[in-house]
Amino acid sequence: MRVDYRPRRVSSAIAVLAAAGSVAALATVSEQYLAVGISLAGVLVLAFGAAVYRRGLRVLGVPIALVGVAVGFAGFGVGVSLVGVYDRSFTYTGELIGLLGLPFIALGVLPVHRRLSRRLVSLGFAFLVLGVVFTGAVNGTGPDPIPLLLGIVAAIVAWDAGEQAINLGDQLGSDARTWPAELSHSGGTAVFGGLSVGTGLVMFNADITGLPLESLLLLLGAALVLMVALYK
Amino acid sequence: MSNATADTTTKARATNTDAATDADAATDAEVETATSSSYGQRVSTDADGDDLVVEGERRRTGRWRGIVAVALFASAVGVLANTPFLLLATVPVAAYAAYPRLTGSPSATLAVERVIDDDTPDRGDDVEVTVRITNTGRWPLTDVRFVDGVPPMLAVREGSPRHATFLWPGTTTEFSYTVGAEYGRHQFDPVTALLRDVSGGTELEAEVDCDPATVLTCTDAVPEVPLRKQTRHSTGRLVTDDGGAGIEFHRTREYQKGDPMSRIDWKRYAKTGQLTTVEFREERAATIVLLVDARPSAYRASAEGEPHGLAYNLAGAEQLLTALGETRDYVGLAAIGREFCWLAAGVGLEHELTARELLATHPVLSTVPPDEDPTDPDEQAAELRKRLSGDAQVVLLSPLGDEYITSLALSLEASGHPVTVVSPDVTSDATVGSRLAGVDRENRISSLRQAEIPVVDWTVDEPLGTTIVNSTEVMD
């Protein structure tokens, strides 16, 4: 019996949902939520197409999957055109950048190509991060930091779950029962994210943001040294 | 080597006890109680749990490495755009960079119990294997992956021998799968466990064995081992061209003083008055050394997931051993590979058991391919020649994966040890390379046959017994 080493389903689903959550956390107007919904629907169609393909109906599966990919990417376009009516459409468009990452993550865990799967997930993650960073940079003076924090944590959870799906698939194949390990892993990541967000908020409320830029740079330098030390 | 052999004999029942450990009387007693409980049962204690779990490499997966770049990028943009919120958002990212350092690394606190629903199935039967794994430690194992050590000859038909789960201390996880029975005696390898901490930053590889080892025996059907006509001077089944005691008529000759009275041809004496002696063809026993090729080239397989050449070598050796065990032939065992392995020829049930033990457990015959290049095979071949007794013949089991093994067969034949080659065919037609390997193998077979070395070309879909019957018909 041939073992199929494709990424595991549960973690893949977590990855896609967390990616959608990351974009949704940043969204502020209903048109953006609609765009996220369209992208998710596209990914769903893609998954259905892949399932049909694997059942042996290749002629039917490929077009369905292609439609899914198209709809997945179209979510971003639809969102952009819908938020065009607002004055702050530039900001709202920026908040949707992460939506471009959603289909990439989905293609990565499908996987459309086994060797490329990690790269595709990373590419999707990069878009999610870009969305968060853009939102933070442009809209950073908004009153509430929580969407930003949730967005970045959800992006990390999405990437982590995608990678977990891939490495579990690599090691155990797709016939093994793996969902407990997948749930415990992603659960751990999410809980840790929650804790770090809490810590961040405590720091925020301690009003370190009143510090001058030089001290922030110094802090950044210290963080850099810490990271280098961690990965040496 | 002789030490290890003696050790395995004394502990024939405690099948999987590490032959290298100096087991004192107490451990022996303990092993005995463990063995006498029902099949596959095992009561784990801290004292004896250690030798069943072998912790391997502990490595960092480095999967969180990229997060540092994200943190640096976000904080740089935050500083440049002078947005404190973005800097705040880098706090959780930086925390994730430290995450794999905070979660500690798991330890392999596991106990395995493996139950098979039928340990002596018929060929082709479905055998259900159930594996239960318990976390015996005090900490939960958040991400632990198991790959059961399915014997290479057994194909998994249903379910998966792989499993990943989360284990609280004291809890047990269970998974089962079905294998198709094949001829031979198949010992399950230890369960390979990969333990990751909750962040996935550290991965520990461990091998967890169960005690006693799980063995699936499927009685084999090699009707007769093809032997060359060289024998030792004790009665056996090989019909020789020498006259003497036996069943089949050989010749009559002139009476010599001391010939037994019962052999005198009395009718002839009555007719002619001449004393003649009737001779029968002598039936003698042979000394056979089964030589298993376990060098890296023997680990080739026809496709990924198929049993490799060594697995067939072992299965073949196993079946030949059984067939030879029913005769009075002296059987020895040798293997070349990582190191030289030798069991001197002998007869009897106990000797057969020792040989089977050796086949199942000797590190040279491990079904996992060697990592590094083996030691010089010439030394091992020299060692083999030194130990082969003058009248021994060699049955060489090899997929004939390279030129060396052909030259070894030829040189053994030349030095007076008749060689018979049993060669499982692990080549395929899938790629140009494998077709080339197939042609190479054909060439080796024909060069051996030109040197009048019989070769049993074993197409592995067929049982070895059928192949031997077919090829002996051709030889005759």
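Residues numbered from 1 in each chain as written. Chains lettered and ligands numbered in written order. Predicted model: local features only at pLDDT ≥ 70, side-chain atom pairs only at ≥ 80, totals over all residues. Heavy atoms only, no water.

Description of the overall build of chain A
At step 1: Within chain A, the regular secondary structure consists of nine helices and zero strands.
At step 2: When the helices and strands of chain A are listed from N to C terminus, the series reads α-α-α-α-α-α-α-α-α.
At step 3: Out of the 232 residues belonging to chain A, those deemed buried represent 48%.
At step 4: Counting contacts in chain A only where the partners sit at least 6 residues apart, residues at least 24 apart contribute 74% of the total.
At step 5: Roughly 10800 Å² of accessible area belongs to chain A as shown, and the carbon and sulfur atoms make up 71% of that amount. (Helix = DSSP H or I, 4+ residues; strand = E, 2+ residues; numbered from the N terminus. Buried < 20%, exposed > 50% of the residue type's maximum accessible area, 1.4 Å probe, protein only. Contact = heavy atoms within 4.5 Å. Areas by Shrake-Rupley, 256 points an atom, 1.4 Å probe, with all protein chains shown as cover.)

Brief notes about the interface of chain A and chain B
At step 1: Contacts between chain A and chain B engage 56 residues on the former and 55 residues on the latter.
At step 2: Applying the counting rule to chain A against chain B returns two salt bridges.
At step 3: We note a salt bridge from Glu163(A) to Arg63(B), for which the minimum N-O separation is 2.6 Å.
At step 4: Counting every contact that joins chain A to chain B gives 15 residue pairs in polar contact (both at pLDDT 80 or more).
At step 5: Elements with a contribution of two residues or more to the side of chain A that touches chain B: helix H6 (117–139), helix H7 (146–172), helix H8 (179–205) and helix H9 (213–230) of chain A. (Salt bridge = Lys/Arg side-chain N within 4 Å of Asp/Glu carboxyl O. Polar contact = N/O pair within 3.5 Å; in protein donor to acceptor, adjacent residues only side chain to side chain.)

A short note on the sheet that holds strand S7 (residues 172–180) of chain B
All names here are of chain B.
At step 1: Ordered by their spatial adjacency, four strands build an open sheet running S2-S3-S7-S5, and the pairing between neighbours is antiparallel. Strand pairing shows two members of the sheet lacking a second neighbour, strand S2 (110–116) and strand S5 (155–159), which therefore form its edges. Put simply, the sheet's adjacent strands are angled 30° from each other on average, direction ignored.
At step 2: Strand direction decides the pairing type here: S2 and strand S3 (residues 126–135), joined by seven bridges, are antiparallel. Bridging from a neighbouring strand, Arg114 pairs with Val131 of S3. (Pairing = 2+ DSSP bridges. Axes fitted to C-alpha atoms, helices over the stretch in contact; angles between N-to-C directions.)

Considering the UniProt feature "transmembrane region" (unreviewed entry) in chain B
At step 1: Here, UniProt's "transmembrane region" (unreviewed entry) annotation points to residues 67–99 of chain B.
At step 2: In residues 67–99 of chain B, the share of helix is 91% and the share of strand is 0%. The end C-alpha atoms are 10 Å apart. (UniProt positions renumbered as here; feature names shortened; annotations may be inferred.)

Brief notes about the pairing of strand S14 (residues 287–293) of chain B
Residues and elements named next belong to chain B.
At step 1: When you tally the buried positions in S14, you get seven out of seven residues, the bulk of the element.
At step 2: Sheet analysis places S14 next to strand S15 (residues 330–336), joined by seven bridges and oriented parallel. Bridging from a neighbouring strand, Val289 pairs with Gly332 of S15.
At step 3: Taking the sense of rotation as the criterion, the β-α-β connection linking S14, helix H7 (residues 309–325) and S15 turns out right-handed.
At step 4: Where S14 lies against strand S17 (residues 392–397), six bridges are found, and the strand directions are parallel. Its bridge partner being in S17, Leu291 is matched across the sheet by Leu396. (Right-handed = clockwise from strand over helix to strand, strands pointing away.)

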